[in-house]
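Read off the chains here:
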Amino acid sequence: MTAAETTQPLVFPDGFRWGAATAAHQIEGNNLNNDWWPREHAPGTSIAEPSGDACDSYHRYGEDITLLAELGLDTYRFSIEWSRIEPEEGFVSRAEIAHYQRMVEACQAAGLTPMVSLMHFTVPRWFADDGGWRSAKAVDRFRRFTELALPIVADGVPWVCTINEPNIAAMIAGGEDPANLVAYGLPAPDLAVADTLLACHRAAREVLAEHTSVASGWTVATQAFQPEPGCEDVAREYGHQRDDWYLEAVRGDDWVGVQAYTRTIIGPDGPRQVPDGVETTLTGWEYYPPALEIGVRSAWELTGGVPVFVTENGIATADDTRRIDYTAGALAGLHAAVADGVDVWGYLHWSALDNYEWASGFRPTFGLIGVDRQTFERTPKPSAAWLGEVARTNTLSTPAPQ
């Protein structure tokens with residue numbers, strides 16, 4: 001179902017959550033002690049530009065939270081930066097823990113419910129330099145970090161994401177140039193790293209269950225693999241280690257996050273490039289709103305009925321009318337999945353801000369809120385007001401066919 005095909009308002013379930021998401025390295029600025037900072041500044045790097053001050057949200061988080069609440073959203077997903085909390089192994093910054101506690105408190109004061117991600121791609125330099133996810137100490141180190149994060153999430157944080165997109169993290173760990181992750185043809189993940197990430201996830205869940213009442217899960221970047229006729233086996237083999245395994249592995253979790261943007265067509269030799277003439281976004285991905293419904297249904301099926309939270313969905317575009325149309329189409333599909341009995345807890349748009357998009361730099365603009373690169377002035381876009389109205393009414397109203 002597309003936005004243009006929807007004629008009646010679509011009402012979402014009572015208690016459905018509406019919000020936006022960010023990640024620490026992409027918005028805070030000057031995360032000098034994590035493993036991405038040296039990548040950005042390495043001679044000959046393929047990364048478009050360094051993150052620098054990013055959106056200066058480390059200092060301006062209060063303004064961001066207030067804006068989201070004023071727009072009508074009720075949930076904010078943000079990540080905490082491990083390298084700030086533990087900049088050297090065994091050294092713990094009480095000041096940085098207090099900083100993230102203040103972020104939680106700011107959300108509560110503004111009427112936003114916080115969702116906190118423990119790891120959104122970046123890790124401390126010392127962790128990366130000592131083997132990262134390949135180290136025999138990785139699980140114990142992540143368990144300890146989760147324990148350090150307990151004061152942040154123990155009071156007023158109902159949902160914790162342990163690891164963001166472990167399937168992408170395992171691809172990066174496989175030695176892939178991060179600039180290639182914006183192109184079609186996803187690299188093979190490092191399977192040993194995938195196993196370690198799952199062990200870290202389970203260790204973190206144990207810590208959280210022992211000390212808090214939060215509901216925990218991890219988020220998966222679902223790819224909507226679609227086979228050409230006769231290529232079903234190829235698609236199944238290609239997709240399992242890049243997507244399905246990470247959903248099957250978390251049966252029994254409190255919830256699972258779905259992060260969906262586009263689809264991948266699979267031919268006899270693997271993924272196809274986007275055909276000429278097809279609308280694409282600033283990341284080069286196909287404009288494909290149904291990806292969200294496909295990802296949500298897949299997660300529900302492969303996890304055996306674990307509740308789903310849409311933790312990311314959006315579009316990189318300079319044309320905000322396309323952002324509204326894309327989001328309306330994605331939400332129409334999401335509503336269809338809900339109507340069919342899929343237990344979906346909420347929808348978080350990526351991203352709250354025009355932020356730093358890793359190897360692509362600042363060019364791909366995903367934000368509901370624009371950010372001036374010189375002054376850091378925030379300017380909500382029409383899409384922000386539109387999504388805020390959807391959130392206030394808990395209803396998607398779309399135009400009738402022309």
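This text gives an overview of the structure that appears in the document. (Residues numbered from 1 in each chain as written. Predicted model: local features only at pLDDT ≥ 70, side-chain atom pairs only at ≥ 80, totals over all residues. Heavy atoms only, no water.)

## Some points on helix 9 (residues 191–211)
Line of reasoning, step 1. Its 21 residues place the ends of helix 9 31 Å apart at the C-alpha level, agreeing with the 30 Å of an ideal helix rising 1.5 Å per residue.
Line of reasoning, step 2. Listing the buried residues of helix 9 in full gives Val193, Ala194, Thr196, Leu197, Leu198, Cys200, His201, Ala203, Ala204, Arg205, Val207 and Leu208.
Line of reasoning, step 3. Where helix 9 is buried, its residues touch strand 4 (113–119), helix 7 (138–153), strand 5 (159–164), helix 8 (166–173), strand 6 (215–222) and helix 10 (232–248).
Line of reasoning, step 4. The backbone nitrogen of Ala192 has a side-chain oxygen 3.1 Å away, supplied by the residue at the start of helix 9, namely Asp190. (Helix = DSSP H or I, 4+ residues; strand = E, 2+ residues; numbered from the N terminus. Expected span 1.5 Å × (residues − 1). Buried < 20%, exposed > 50% of the residue type's maximum accessible area, 1.4 Å probe, protein only. Contact = heavy atoms within 4.5 Å. Polar contact = N/O pair within 3.5 Å; in protein donor to acceptor, adjacent residues only side chain to side chain.)

## Let's talk about the pairing of strand 6
Line of reasoning, step 1. Burial runs high along strand 6: eight of the eight residues are buried.
Line of reasoning, step 2. Taking every second residue as pointing to the same face, both faces of strand 6 are buried, with Ala215, Gly217, Thr219 and Ala221 on one and Ser216, Trp218, Val220 and Thr222 on the other.
Line of reasoning, step 3. As paired strands, strand 6 and strand 8 (residues 256–260) are joined by four bridges and run parallel to one another. Bridge assignment links Ala221 to a residue of strand 8, and that residue is Gln259. (Pairing = 2+ DSSP bridges.)

## Topic: the sheet that holds strand 7 (residues 225–227)
Line of reasoning, step 1. The sheet built from three strands is open, its strands ordered 7-9-10 with mixed pairing. Two strands in the sheet have a free side with no partner beyond their single neighbour: strand 7 and strand 10 (270–271).
Line of reasoning, step 2. Pairing analysis gives two bridges linking strand 9 (residues 264–267) to strand 10, with the strands arranged antiparallel. If you follow Gly267 over to strand 10, its bridge partner there is Gly270.
Line of reasoning, step 3. Strands in contact with helix 10 are strand 7, strand 9 and strand 10; relative to strand 7, the strand with the most contacts, it is inclined by about 170°. (Axes fitted to C-alpha atoms, helices over the stretch in contact; angles between N-to-C directions.)

## Looking at the packing of aromatic side chains
Line of reasoning, step 1. Across all of its chains, the model carries 25 aromatic pairs by this definition.
Line of reasoning, step 2. Relative to Phe142, the ring of Trp133 lies with its centre 6.0 Å away and its plane at 65°, an arrangement referred to as edge-to-face. Of the two residues, Trp133 and Phe142, both sit in the buried class.
Line of reasoning, step 3. Cluster of aromatic residues (ring-pair linked, three or more members): Trp82, Trp126, Phe127, Trp133, Phe142 and Phe145. (Phe/Tyr/Trp six-rings, centres within 6.5 Å; stacked < 30°, edge-to-face > 60°.)

## Concerning the sheet that holds strand 5
Line of reasoning, step 1. Spatially, the eight strands close up into a barrel ordered 2-3-4-5-6-8-11-12, and their pairing is parallel. Adjacent strand axes in the sheet meet at a mean angle of 25° when their direction is disregarded.
Line of reasoning, step 2. Across four bridges, the pairing between strand 5 and strand 6 is parallel. Bridge pairing in strand 6 links Trp159 to Ala215.
Line of reasoning, step 3. The strands touched by helix 5 (residues 94–110) are strand 3 (75–79) and strand 4; relative to strand 3, the strand with the most contacts, the crossing angle is about 170°.

## Some details on the nonpolar core
Line of reasoning, step 1. In terms of nonpolar packing, the biggest core is built from 91 residues, with Trp18, Ile80, Trp133, Phe142, Val296 and Leu334 touching the most fellow members.
Line of reasoning, step 2. Excluding its chain neighbours within four sequence positions, the residues that come into contact with Val296 are Val258, Val308, Val310, Leu334, Ala337, Val342 and Val344.
Line of reasoning, step 3. Ranked by size, the runner-up nonpolar core spans 16 residues in total, among them Ile168, Leu186, Ala221 and Trp358. (Core = buried A, V, L, I, M, F, W, Y, C linked by side-chain atoms within 4.5 Å.)

## Here's the deal with the environment of Arg125
Line of reasoning, step 1. As for its position among the elements, Arg125 is in helix 6 (residues 125–129).
Line of reasoning, step 2. C-alpha separation for the pair Arg125 and Phe309, spaced 184 residues apart in sequence, amounts to 31 Å.

## Quick word on the pattern of salt bridges
A side chain with one charge can pair with a side chain of the opposite charge if their charged atoms come near.
Line of reasoning, step 1. Per the stated rule, a full pass over the model turns up 24 salt bridges.
Line of reasoning, step 2. Salt-bridge contacts for Arg392 lead to Glu389; the nearest nitrogen and oxygen are separated by 3.9 Å. Residue Arg392 and its partner Glu389 are both found in helix 13 (residues 382–393); the two are separated by three residues, about one turn of the helix.
Line of reasoning, step 3. A cluster of three or more residues bridged by salt bridges with shared partners is formed by Glu86, Glu89, Asp130, Arg141 and Arg144. (Salt bridge = Lys/Arg side-chain N within 4 Å of Asp/Glu carboxyl O.)

## Quick notes on helix 13
Line of reasoning, step 1. When the terminal C-alpha atoms of helix 13 are compared, their 17 Å separation across twelve residues agrees well with the 16 Å that a helix rising 1.5 Å per residue should span.
Line of reasoning, step 2. Among the residues making up helix 13, those that are buried are Ser383, Ala384, Leu387, Gly388, Val390 and Ala391. Taken end-on, helix 13 shows its buried residues confined to a sector of 155°, consistent with a single buried face.
Line of reasoning, step 3. Looking at the buried residues of helix 13, the elements they touch are strand 2 (17–21), helix 3 (57–71), helix 12 (320–339), strand 12 (344–350), strand 14 (378–380) and strand 15 (395–396). (Arc of directions from axis to C-beta.)

## Some points on the side chain of Ser93
Line of reasoning, step 1. Residue placement: Ser93 occurs in the loop between helix 4 (82–85) and helix 5.
Line of reasoning, step 2. Within polar-contact distance, the side chain of Ser93 engages the backbone nitrogen of Glu96 at 3.1 Å.

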